[in-house]
Amino acid sequence: MLDILACPLDKNYPLELIELNVKELEKEDKVKENYHPLNNDENNPIVKKNNNGEGNKANELKQNEKVIIVIDGILYCKKCSRFYPIIDEIPIMLPDELREKEKDLQFLTKWKHSIPEEILTNSNPWHL
Ligand SMILES: [Zn+2]
């Protein structure tokens, strides 16, 4: 998903991703998130596998298929040095005129120990 996000100013991509706060999802969780009420358990191969007593095999499989979700992070455009916050899993890709300076600075301050110096001190449209 992040691969297709481009800088709204210069359309540059891919943007550099800085992960500040992540969670790991096992593939089973992801399937549950996509669960559709028209599907019943018999059409869900993961549920079926567990019911057949192949628990160990299923666990091995899941460990290899973890999905990293970025809860908080930054997308950084190297071309124009702009940073775009990711808050609660949502990338906020706004042009400068719609950004709120105070909120952006609060975000940078909150994560300043995890954000590369280059972004803290040089990023556009503003920085600490
Ligand atoms: Zn840019």
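Residues numbered from 1 in each chain as written. Predicted model: local features only at pLDDT ≥ 70, side-chain atom pairs only at ≥ 80, totals over all residues.

Undergrad: How should the nonpolar core be read in this particular structure?
TA: In a soluble, globular protein the nonpolar side chains are often hidden away together inside. Counting 10 residues, the largest nonpolar core consists of Cys7, Leu15, Ile74, Leu75, Cys77, Phe83, Tyr84, Ile86, Ile115 and Ile119. Secondary-structure elements contributing two or more residues to this core are strand S2 (67–77) and strand S3 (82–87). Residues within four places of Cys77 in sequence aside, it is in contact with Cys7, Asn12, Leu15 and Arg82. (Core = buried A, V, L, I, M, F, W, Y, C linked by C-beta atoms within 7 Å. Buried ≥ 20, exposed ≤ 12 C-beta atoms within 10 Å, placed from the backbone. Helix = DSSP H or I, 4+ residues; strand = E, 2+ residues; numbered from the N terminus. Contact = placed C-beta atoms within 7 Å.)

Undergrad: Explain the confidence of the model for the protein to me, please; I cannot follow it from the model alone.
TA: The predicted coordinates of low-pLDDT regions are not to be read in fine detail. Looking at the protein as a whole, its pLDDT mean stands at 82, while 69% of the residues score no less than 70. Between residues 47–55, whose pLDDT stays under 50, and residues either more than four places distant or in other chains, the model counts six contacts. (pLDDT = per-residue confidence, 0-100.)

Undergrad: Is there a simple way to think about the pairing of S3 in this case?
TA: On a regular strand, one side chain projects to one face of the sheet and the next to the other, so that they alternate. The buried fraction of S3 is high, at five of six residues. Pairing geometry for S2 and S3, over five bridges, is antiparallel. Directly across from Cys77, in S3, lies its bridge partner Arg82. Counting the residues that bridge the hairpin from S2 to S3 gives four residues, and of these Ser81 lies at a positive phi of roughly 60°. In this sheet, strand S4 (residues 90–91) lies alongside S3 in antiparallel orientation, the contact comprising two bridges. Looking across to S4, one finds that Ile87 is bridged to Ile90. Remark: two residues form the turn of the hairpin made by S3 and S4, two consecutive strands paired antiparallel; Asp88 in that turn has positive phi of roughly 50°. (Pairing = 2+ DSSP bridges.)

Undergrad: Quick question: what am I supposed to make of the sheet that holds S4 here?
TA: What holds strands together in a sheet is hydrogen bonding between their backbones, with the strands either parallel or antiparallel. Taken together, four strands build an open sheet; the order of strands is S1-S2-S3-S4 and the sheet is antiparallel. The open sheet has two edge strands, strand S1 (16–25) and S4, and neither has a second partner. Pairing analysis gives nine bridges linking S1 to S2, with the strands arranged antiparallel. The residue bridging Leu17 from the neighbouring strand is Leu75, located in S2.

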